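# Secondary and tertiary structure notes
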Amino acid sequence: MKLYDLERSGNCYKIRLLLSFLGQDYERVPVALDEGAQRRPEFLRLNPRGQIPVLLTDEGEAVWDSTAILVYLARRYGGERWLPGDPLGMARVMQWLALEQNEGRYGTARARVIGLNIKSGLGQTGTLEESRCLAERALVVLEGRLTDHAWLAAEHPTIADIACYPYTALFPESGLPFDGYPAIHAWFRRLEAWPGYIAVPRRSAPRA
Ligand SMILES: N[C@@H](CCC(=O)N[C@@H](CS)C(=O)NCC(=O)O)C(=O)O
């Protein structure tokens, strides 16, 4: 397997984290976003959207988008554990993946891109204030669930937790306040203690 990625990307980190939890070997292919490598024809053949992460499977199939790659890897190598196969179990995971790609991407993730002044198309889709509002919605929903549950979608971690973790954990890098979410912080500690955890790529010093 080959993962087209970049160390600093939270979307790529989701994939590296699941691969680490699954104990799967893979080759990393760095994509120089700052040099526009994602817009070159050879990369667009792998992902017409011009984004990382992209996974090239052992069978030579390209899978793009972090959500799709998480789904593929969970079912290909993790059995029922990381993505349950029953209709309700699967739906419960998918609802958190949807939250992550909406309020998460345009909230916590975009606030970080703007706050850190990272050169990225995402940062041009809205303002810091719009991102803050969406981030707050995501954080309130996460805190609500985690107040009386250890994990987002099941009695154990799933790809819902893996998807929602990175940009929530990196949200303080936006410079916006992140106080008053004790259940989310306890969930961080549970996931960070899970066997196989690898550190989230922070630009700044980790929280105390
Ligand atoms: N929804 C996509 C978003 C992927 C994405 O935004 N990737 C960023 C890096 S984190 C990227 O490739 N940006 C380059 C660009 O948009 O030109 C996913 O979850 O994989």
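Our structure is the block above this text.
Residues numbered from 1 in each chain as written. Predicted model: local features only at pLDDT ≥ 70, side-chain atom pairs only at ≥ 80, totals over all residues. Heavy atoms only, no water.

### As for the pairing of strand E1 (residues 2-5)
- Summarising the sheet, E1 and strand E2 (residues 27-30) pair through 4 bridges and their orientation is parallel. Residue pairing in the sheet places Tyr4 in a bridge with Val29 of E2.
- Crossover handedness for the path E1 to helix H1 (residues 10-22) to E2: right-handed.
- In this sheet, strand E3 (residues 54-56) lies alongside E1 in antiparallel orientation, the contact comprising 3 bridges. Along E3, the bridge assignment pairs Tyr4 with Val54. (Pairing = 2+ DSSP bridges. Helix = DSSP H or I, 4+ residues; strand = E, 2+ residues; numbered from the N terminus. Right-handed = clockwise from strand over helix to strand, strands pointing away.)

### So, the state of the cysteines
- In this structure the tally under the stated criterion is 0 disulfides.
- In this structure Cys12 is not part of a disulfide, and its nearest cysteine sulfur, from Cys164, lies 17 Å away.
- Among the residues examined, Cys12 registers a relative accessible area of 0% and is labelled buried.
- Free of any disulfide, Cys133 has its nearest cysteine sulfur in Cys164, 19 Å distant.
- A relative accessible area of 35% places Cys133 in the partly exposed class. (Disulfide = S-S within 2.5 Å. Buried < 20%, exposed > 50% of the residue type's maximum accessible area, 1.4 Å probe, protein only.)

### A look at unusual backbone geometry
- Note that the residue after Ile52, namely Pro53, is joined by a cis bond; omega there is 5°.
- As for its position among the elements, Pro53 is in the loop between helix H2 (41-44) and E3.
- Of note in this structure, Asp65 is not a glycine but carries a positive phi near 90°.
- The topology assignment puts Asp65 in the loop between strand E4 (62-64) and helix H3 (66-77).
- A positive phi angle is found at Asn117, which is not glycine, with a value near 60°.
- Along the chain, Asn117 falls in the loop between helix H4 (87-115) and helix H5 (128-147).

### Re the site of the ligand
- In the neighbourhood of the ligand, 13 residues make up the surrounding shell, with Gln38, Ile52, Ser66, Gln101 and Arg105 lying closest.
- The separation between an oxygen atom of the ligand and a polar side-chain atom of Gln38 is 2.9 Å.
- One of the side-chain nitrogen or oxygen atoms of Asp65 is found 3.1 Å away from a nitrogen atom of the ligand.
- When isolated, the ligand has an accessible area of 510 Å², and the protein chains bury 83% of it.
- Taken together, the residues that form the shell around the ligand break down as 4 nonpolar, 7 polar and 2 charged.
- Viewed by domain, the shell around the ligand spans two of them, domain 1 (2-77) and domain 2 (87-192), each represented by three or more residues. (Near = heavy atom within 4 Å. Polar contact = N/O pair within 3.5 Å; in protein donor to acceptor, adjacent residues only side chain to side chain. Areas by Shrake-Rupley, 256 points an atom, 1.4 Å probe, with all protein chains shown as cover. Nonpolar A, V, L, I, M, F, W, Y, C, P; charged D, E, K, R; others polar. Domains from an automatic or database assignment.)

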